[in-house]
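Analysis of the macromolecular model
Here is how the chains run, residue by residue.
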There are 2 protein chains.
Amino acid sequence: MLDYALLSALAAVIRTGSFERAAQQLHVTPSAVSQRVKLLEEKLGTVLVVRGTPCTGTPGGQRLCQHVEQVALLESELRHELPGIRDAGPQVTVRIAVNADSLATWFVAAMAQTQDCLFDLVIDDQEHSADWLRRGEVLAAVTSGAKPVQGCDSTPLGALRYIATASPEFVSRHFADGVHDASLARAPRLTFNTKDSLQTQWIRQAFGTDIASPTHWLPSSQSFIDAALVGLGWGMNPEMLVAEHLRNGRLIALIQDQPLDVPLFWQRSRIVSSRLGDITRAVLRTAGTLLQRP
Amino acid sequence: MLDYALLSALAAVIRTGSFERAAQQLHVTPSAVSQRVKLLEEKLGTVLVVRGTPCTGTPGGQRLCQHVEQVALLESELRHELPGIRDAGPQVTVRIAVNADSLATWFVAAMAQTQDCLFDLVIDDQEHSADWLRRGEVLAAVTSGAKPVQGCDSTPLGALRYIATASPEFVSRHFADGVHDASLARAPRLTFNTKDSLQTQWIRQAFGTDIASPTHWLPSSQSFIDAALVGLGWGMNPEMLVAEHLRNGRLIALIQDQPLDVPLFWQRSRIVSSRLGDITRAVLRTAGTLLQRP
């Protein structure tokens, strides 16, 4: 068996980003943490931690860190079944990849319904969040990919509905004679990051073609709305976040009755899926209430 | 001189993340873009673009991309002085590093006051945003570092005020007998990511020592507040974002009159600083209204 005292030190350094915080978490001295990580690196003959601010894992370090978390999750399952085993460790941390707009709309409500677990969320585009699962860096993911990642179960969650929105001033300035090829090609759009294709998808759905346009790059769900409100550009915003703005006219839909529905799926690693049962139930229940039915 | 047709193709691929979007932006075919990038790579004898989804720049590619943007900014300055020069290119894109909480509170209002420029924002912790400037990957940064980065001007913006907040239920559950070493060590906190030291800074300011505790990791300003509201943990939230919640009692301060003020600075590259004049004026004006005076 592997030496889990060494592995726990490694995981704590990578997850907290520093030897000091890892030491605090494990209730040992930073020099003890440093010795354990060094010993592990010597045993394996490879560097596992990139010493920096913050410290990060090498690919090998990340892989070991993920292994430690899976084992911790299996142990916590064991403790549920055999309550006689003394609960030795800290609370279990579950690492999940989630798209920013799910986090901004419904995912926190699901988190609130689970108990006895700490969340470590990584944010990535819904078309890329499954990659984290594929690489084994998370135990579960909210993703637009229906097809189960190897070793994972996939359950449909419903669709997150987006509306192409802009401020009334922006619409009068850029779309006074309508939303069409020429006006879309001139009006600045908002793009979350290079992975964000929602604006392109919406144009394709509405016009059957691609139209390039100038863009602001703005990687935050809330700032996307703020930027639309102040008239910097138009963008695809989750209906849940802009419903109130649409009602009071601070934002308007570029085209009526032309939403973009993005189906989402909950994928989780099968090996720990029973331990993730609580979270899975909370996620499915919350999504069932707040997302669009297929 | 360098070949700017090739360089523009490279920059468009790296900034948009794909050969297709770069082609749309430059009004040429994707294969023309691909040929230009390949030619540039052959000329320089090095790979400049990592072909992936999305495409990203190698360190060399990033450096060239940054150069192209500086030249574009200098050209736009020239056009202001010599209006006779035909405006040939697309709008200038200005890349800025900003901390998530500034973006969530006051930065969009500053963006709204500038004209004729597109923003490409990268989000990083205030203690790390200056690194982007140091590496030459952005032209300006909102940072907690006062000391000017080489080749940059630094101007104080005032301080962003944070309050340690949690829901009333969370406080009764975890801090019924007061906020002290033992209760802080047990109560889950919220941490943005491994670069976020605000919770630790606040504990140090209030108690003169470090106290480790279990944590959720939640890299989003708005979700930080959502998670505090639903009682997942306590966290340092910008006063501007939680003032209303504090007034109506949905959140409460862990300790009264114990804010944490984080001084911020506007640093921008001197070589393009006159072209950034508009943005600098808007940033200083907005920060002067919304941030705490030193």
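The written sequence of each chain sets the order in which its residues are numbered from 1. Each chain gets a letter, beginning with A, and each ligand a number, beginning with 1, in the order they are written. Thresholds applied to this predicted model are a pLDDT of at least 70 for local features of residues and 80 or more for the giving and counting of side-chain atom pairs; totals over whole chains, interfaces and linings are not thresholded and use all residues. With hydrogens and water set aside, each side-chain value is computed from the structure's full complement of heavy atoms.

**Some points on the domain arrangement of chain A**
Residues and elements named next belong to chain A. Threshold: The domain boundaries here were taken from an automatic or database domain assignment. Any two residues whose heavy atoms approach within 4.5 Å are treated as being in contact. The quantity reported as buried area is the accessible area (1.4 Å probe) lost by two parts once they are put together, taken as the sum for both. Each polar contact in these results corresponds to two N or O atoms within 3.5 Å; when the atoms are within protein, one needs to be able to donate a hydrogen and the other to accept it, and residues that are neighboring in sequence are counted only if both atoms are side-chain atoms. Numbered from the N terminus, helices here are DSSP runs of H or I no shorter than four residues, and strands are runs of E no shorter than two. Throughout this entry, Asp, Glu, Lys and Arg are counted as charged residues, while Ala, Val, Leu, Ile, Met, Phe, Trp, Tyr, Cys and Pro are counted as nonpolar. The remaining residues, Gly among them, count as polar.
The domain boundaries assigned to chain A delineate domain 1 (4-81), domain 2 (93-160 + 262-290) and domain 3 (161-261). Taking only C-alpha atoms into account, the centre of domain 1 sits 24 Å from that of domain 2. Facing the 10 residues of domain 1 at the interface are 13 residues of domain 2. Together, the buried faces of domain 1 and domain 2 total about 1000 Å²; carbon and sulfur atoms form 56% of this surface. There are 1 residue pair in polar contact (both at pLDDT 80 or more) connecting domain 1 and domain 2. Counting residues per element, the side of domain 1 that touches domain 2 draws most heavily on helix 4 (residues 59-81), at 9 residues. For the side of domain 1 that touches domain 2, a count of residues per class yields 2 nonpolar, 5 polar and 3 charged.

**Regarding the interface of chain B and chain A**
Basically, it comes down to this: The term salt bridge refers to a pairing of a side-chain nitrogen on Lys or Arg with a carboxyl oxygen on Asp or Glu at a separation within 4 Å.
The partner chain A presents 41 residues to the 41 residues of chain B that form the contact. Summing both partners gives a buried area of about 3400 Å² for chain B against chain A, and 66% of it is carried by carbon and sulfur. Interface area lost by chain B to chain A is led by Q24(B), T194(B) and W217(B), which between them contribute 17%. Our count for the chain B to chain A interface comes out at 0 salt bridges.

**Brief notes about the relation of the copies chain B and chain A**
Just so we agree on the cut-off: When the copies are superposed, the least-squares fit draws on C-alpha atoms of residues that have pLDDT of at least 70 in both.
If you rotate chain B by 180° and push it 0.0 Å along the axis, it lands on chain A with an RMSD of 0.0 Å. Those values place the two copies in the arrangement expected of a two-fold rotation axis. Proximity to the rotation axis, assessed at the C-alpha, singles out Q222(B) in chain B; its C-alpha lies 3.5 Å from the axis. Interface overlap between copies is the fraction of interface residues in one copy that are interface residues in the other; for chain B against chain A it reaches 100%, indicating a shared surface.

**With respect to the UniProt feature "domain: HTH lysR-type" (unreviewed entry) in chain A**
Going by this rule: UniProt positions are given in the numbering used here, feature names are shortened, and annotations may be inferred rather than shown by experiment.
Mapped onto this numbering, the UniProt entry gives "domain: HTH lysR-type" (unreviewed entry) at residues 2-58 of chain A. Secondary structure content for residues 2-58 of chain A is 63% helix and 7% strand, while the C-alpha to C-alpha distance between its ends is 19 Å.

**Concerning the pattern of salt bridges**
Heads up, the condition is: Whether a residue is buried, partly exposed or exposed follows from its accessible area with a 1.4 Å probe, protein chains only, as a fraction of its type maximum: under 20%, in between, or over 50%, in that order.
This structure, assessed with the given rule, holds 24 salt bridges over all chains. Ionic pairing is found between E69(B) and R15(B), a salt bridge with its closest N-O pair at 2.6 Å. Taken together, the positions of E69(B) in helix 4 (residues 59-81) and R15(B) in helix 1 (residues 4-16) put the pair 54 residues apart, joining distant regions of the chain. Neither residue differs from the other here; E69(B) and R15(B) are each classed as buried. For R161(B), the salt bridge is made with D261(B), and the minimal N-O distance between the two is 2.8 Å. Here the residue R161(B) occupies a position in strand 6 (residues 152-166), and D261(B) occupies one in strand 11 (residues 260-269), the gap between them amounting to 100 residues. When its relative accessible area of 25% is taken as the criterion, R161(B) is described as partly exposed. Residues joined by salt bridges that share partners form a network here, namely R15(A), E69(A), R95(A) and D120(A).

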